[in-house]
Amino acid sequence: MKHEKGNRLSIEPETIEQIAQPATLERVPGTGDRYVLNFGPQHPATHTTIHLVLELDGERIVKCTPHIGYLHSGFEKLAEHHTYDQYVTVTDRMNYISPIANNIAWHTAVEKLIGIEITERCKYARTLIAEMARLQDHLLCVGEATLEVGAMTAFVLLFNIREPIMDLFESLCGARFTTSWTRTGGAMADIPDGWFDGVLAMCEKLTQTIDECHTLLTRNPIFMERTCDVGVLTTEEAINFGWTGPVARASGVLRDLRKDEPYLAYPEMDFKVAVASTGDVYGRYLVRMEEMIQSRNIILQAIEKIPDGEMNVDSDLRIAQANKAEVYGSIEGVIHHFESVMPNRGFSTPISEVYSAQETPNGELGFYLVSDGTSQAFRAKTRGPSFLHLQAIAKLLEGHTISEVVVTLSSLNIIAAELDR
Amino acid sequence: MNHKKSTFELLSEKFGKENFDEVAYAGGMTTIIVPKSILAEVVRFLHDDPRCSVEQLTDIIGIDYQGYAQETPSRFALVYPMLSLSHNKRVILKVWVAEEDMTVPSLTDIYRGANWPEREAAEMFGFSFEGHPNPKRLLLCDLFEGKHPLRKDYPLQGQGERESFRIVDRETS
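Residues numbered from 1 in each chain as written. Chains lettered and ligands numbered in written order. Predicted model: local features only at pLDDT ≥ 70, side-chain atom pairs only at ≥ 80, totals over all residues. Heavy atoms only, no water.

1. Here we look at the overall build of chain A
Here comes step 1: When its secondary structure is counted, chain A shows 18 helices and 9 strands.
Here comes step 2: Relative to the compact-globule value of 22 Å for 421 residues, chain A shows a C-alpha radius of gyration of 23 Å, a close match.
Here comes step 3: Seen through its principal axes, chain A has C-alpha atoms that stretch 80 × 60 × 45 Å.
Here comes step 4: A total of 421 residues make up chain A; the buried ones form 58% of that total.
Here comes step 5: Long-range contacts, defined as pairs at least 24 residues apart, comprise 68% of the intrachain contacts of chain A with a sequence gap of at least 6.
Here comes step 6: Summing over all exposed atoms, chain A offers an accessible surface of approximately 16,800 Å²; the carbon and sulfur share of this is 53%.
Here comes step 7: With 37 positive and 57 negative side-chain charges, chain A shows a separation of 3 Å between the mean positions of the two kinds. (Helix = DSSP H or I, 4+ residues; strand = E, 2+ residues; numbered from the N terminus. Rg over C-alpha atoms; globule rule 2.2 N^0.38 Å. Buried < 20%, exposed > 50% of the residue type's maximum accessible area, 1.4 Å probe, protein only. Contact = heavy atoms within 4.5 Å. Areas by Shrake-Rupley, 256 points an atom, 1.4 Å probe, with all protein chains shown as cover. Lys, Arg positive; Asp, Glu negative; His and termini not counted. Charge placed at Lys NZ, Arg CZ, Asp CG, Glu CD.)

2. Description of the interface of chain A and chain B
Here comes step 1: Taken together, the 55 residues of chain A in the interface contact 58 residues of chain B.
Here comes step 2: Taken over both partners, the interface formed by chain A and chain B buries close to 4,800 Å², and the fraction arising from carbon and sulfur atoms is 60%.
Here comes step 3: It is K77, N240 and F378 of chain A that lose the most area in chain A upon contact with chain B, and together they represent 14% of the buried surface on that side.
Here comes step 4: One can count 7 salt bridges joining chain A with chain B.
Here comes step 5: A salt bridge links K381 of chain A to D59 of chain B; the nearest nitrogen and oxygen atoms lie 3.8 Å apart.
Here comes step 6: Summed over the shared surface of chain A and chain B, the result is 23 residue pairs in polar contact (both at pLDDT 80 or more).
Here comes step 7: Counting residues per element, the side of chain A that touches chain B draws most heavily on strand β7 (residues 351-360) of chain A, which supplies 6 residues.
Here comes step 8: When grouped by side-chain class, the residues that make up the side of chain A that touches chain B number 24 nonpolar, 13 polar and 18 charged. (Buried area = accessible area lost by both parts, 1.4 Å probe. Salt bridge = Lys/Arg side-chain N within 4 Å of Asp/Glu carboxyl O. Polar contact = N/O pair within 3.5 Å; in protein donor to acceptor, adjacent residues only side chain to side chain. Nonpolar A, V, L, I, M, F, W, Y, C, P; charged D, E, K, R; others polar.)

3. Here's the deal with the pairing of strand β3 (residues 51-57) of chain A
All names here are of chain A.
Here comes step 1: Among the 7 residues in β3, 6 count as buried, and that is most of the element.
Here comes step 2: Looking at chain direction, strand β2 (residues 34-39) and β3 are connected through 6 bridges and run antiparallel. Bridging across to β3, Y35 finds its partner in L56.
Here comes step 3: The sheet contact formed by β3 and strand β4 (residues 60-67) spans 7 bridges and is antiparallel. Note on β4: the bridge partner recorded for V53 is T65.
Here comes step 4: Hairpin connection of β3 to β4: 2 residues between the antiparallel strands, including G58 at a positive phi of 70°. (Pairing = 2+ DSSP bridges.)

4. Some thoughts on helix α7 (residues 195-218) of chain A
All names here are of chain A.
Here comes step 1: End to end, α7 covers 33 Å across 24 residues, agreeing with the expected 34 Å (1.5 Å per residue, within 8%).
Here comes step 2: For α7, every residue scored as buried is listed here: W195, F196, V199, M202, C203, L206, T209, I210, C213, L217 and T218.
Here comes step 3: Considering only its buried residues, α7 is in contact with α5 (120-148), α6 (152-173), α8 (221-227) and α12 (281-305). (Expected span 1.5 Å × (residues − 1).)

5. Some details on a nonpolar patch on the surface
Here comes step 1: There is a patch of nonpolar side chains on the surface, built from F338, V341 and M342 of chain A and spanning about 300 Å² of accessible area.
Here comes step 2: In this structure, V341 of chain A sits in helix α14 (residues 331-341). (Patch = residues over 30% accessible without salt bridge, like charges linked within 9 Å, V, L, I, M, F, W, Y side chains within 5 Å.)

6. Observations concerning the domain arrangement of chain A
All names here are of chain A.
Here comes step 1: Along its sequence, chain A is carved into domain 1 (19-67) and domain 2 (75-420).
Here comes step 2: Here the C-alpha centroids of domain 1 and domain 2 sit 33 Å apart.
Here comes step 3: With 18 residues of domain 1 at the interface, the matching set in domain 2 holds 20 residues.
Here comes step 4: Approximately 1,600 Å² of surface area, both sides summed, lies buried where domain 1 meets domain 2, with 70% of it carried by carbon and sulfur atoms.
Here comes step 5: Every element with two or more residues in the side of domain 1 that touches domain 2 is listed here: β2, β3 and β4. (Domains from an automatic or database assignment.)

7. Thoughts on the environment of F15 of chain B
Here comes step 1: Counting through the fold element by element, F15 of chain B comes out in helix α1 (residues 7-15).
Here comes step 2: Along the chain, F15 of chain B and F45 of chain B lie 30 residues apart, while their C-alpha atoms are 9.9 Å from each other.

8. Quick word on the packing of aromatic side chains
Each aromatic ring pair is specified by the distance between its two centres and by the angle formed by the two planes.
Here comes step 1: Summed over the entire model, instances satisfying the criterion amount to 20 aromatic pairs over all chains.
Here comes step 2: Relative to Y65 of chain B, the ring of F378 of chain A has its centre 6.2 Å away and its plane inclined at 20°; by these criteria the two rings are stacked. In this pair, F378 of chain A is assigned in strand β9 (residues 377-383) and Y65 of chain B in the loop between β4 (61-64) and β5 (76-84), connecting two distinct chains.
Here comes step 3: On the accessibility criterion, F378 of chain A (5% relative accessible area) is buried.
Here comes step 4: Taken together through their ring pairs, the aromatic side chains of Y84, Y87, W106 and F367 of chain A make up a single cluster.
Here comes step 5: Against the face of F271 of chain A rests K259 of chain A, its NZ or CZ located 4.2 Å from the ring centre.
Here comes step 6: Here the basic side chain of R421 of chain A rests over the ring of F387 of chain A, its NZ or CZ set 4.8 Å away from the ring centre. (Phe/Tyr/Trp six-rings, centres within 6.5 Å; stacked < 30°, edge-to-face > 60°. Lys NZ or Arg CZ within 6 Å of the ring centre and 35° of its normal.)

9. Section: the pattern of salt bridges
Here comes step 1: Across all of its chains, the model carries 32 salt bridges over all chains by this definition.
Here comes step 2: With its nearest N and O atoms 2.5 Å apart, the salt bridge here joins E291 of chain A to R249 of chain A. Taken together, the residues span a long stretch of sequence, with E291 of chain A in helix α12 and R249 of chain A in helix α10 (residues 245-250) at a distance of 42 residues. Of the two residues, E291 of chain A and R249 of chain A, neither departs from the other in class, the shared state being buried.
Here comes step 3: E364 of chain A is the salt-bridge partner of R90 of chain B, the closest N and O atoms lying 3.2 Å from each other. Taken together, the residues R90 of chain B in strand β6 (residues 89-97) and E364 of chain A in strand β8 (residues 363-372) connect one chain to another.
Here comes step 4: Through salt bridges with shared partners, a single ionic network connects E131, R134, R249, D256, R258, E291 and E359 of chain A.

Spelled out as structure tokens, the structure:
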């Protein structure tokens, strides 16, 4: 491939060296025996693109400098040029591990902004699906973490059970990954017939898998050797760094938005919050394993309690999608349908601001929305949990060896698309 | 304790009522408007005082209000959603920042988690955080030097960064 010289921008040679550092060891000037190692941006253990510059003394890490931004795609700028319902397609690209949880968090924020209450059936359905997303996320995270320490069997076991969850999402909304299932005031479609049977079958298999995984890993001396006392963060530090979700709970922070700021149908659900006191990688593993059991319990309760009725809010409000029977049967329905997809003819919003946060699998996912009365957000800031988690990586890795970098990174479950947005 | 004072009352008591303003939004969110000059002291008080004990800074949100539907005191604002875990209460502060003077005190010495959110707000909007330990750009590449993409006057298509991106091939790398 040849490129024309005119296209190149003149950048100072020093800057070029900063951008494209060779992946070799370099002696740090003036320090005797220290070397600099570039970890990433392309490394299997970073899952996507994170660049860590490690200053090494032998194999010990003296200093770690994280560089992020390789996956910055300007999502927040995009949000200002899309309607609220269009932007949902971007939210699932923001999290490629449990996309549907982001869909739900986004539309809960939008509904809080325009001040509508969704139907009971939708609340239960969203609760159920948010918990399935938690399973999807934790299965991947624990699976990857075990792969990182060389436990291939557990990885295959956990990914096997992740497959039926993806299949269930596919039958729910037609896509395995880019789900975009929610809409303002409801969802794109009701739950298909016989879908709950599939969920129940998955739950049954899940219990068995988690038991097997416990047998393989939880008291395994090799696994414990690699994970205990690695990447430790104390409770105070975790709070001060802005940590939330399972990683914070593994450090002993008693905080779960599902309990502390109940939303959707969580007040009706009976579940426990998993907390560990060690704050290390092993604690994070245990918290995630227990959360999967609790998620399964919530799913079973939601299936039992989910009421019949409408999924979307009343179509007279002109907020949710038009009912298909109305679209084909009446002129008002056709008008509603077209208006909902035309730019600047959708629902209007108050001139207001709102912060809405949900407990997504990775931690607190918040959306700060500023609206100016139109159908597009004036400003939509995403508070991604990974962004605040990764800040502490230098603290976590100090004094550890290179082999512990991969273990710590996978235990934080960093999602770079959410980190860089 | 029979009457629990609100955060707004506590702040008014400590720093004087005339400094603060409280805005209630439609979604049930209440924001306390804090003048920029005393932001660091206010946050220090919220963090240390046991009646507030705001232990965690959730995020820092920069906003450019150019072209907004309502008149605003100044063009830019910073919103600090914060959380008190022991009281299970959210405190949301807002600081108006004028275009002429975009210096804002850094909160990194109180909350270590403020580090990256401040760097992000600085590069996206052009704020400069006084006392930040590492005020470098965080997410954007070198081509964005001096540009602030989340400002309202920055076009969605960009200003030619994509076209002029330096291509590294084997000969030149």
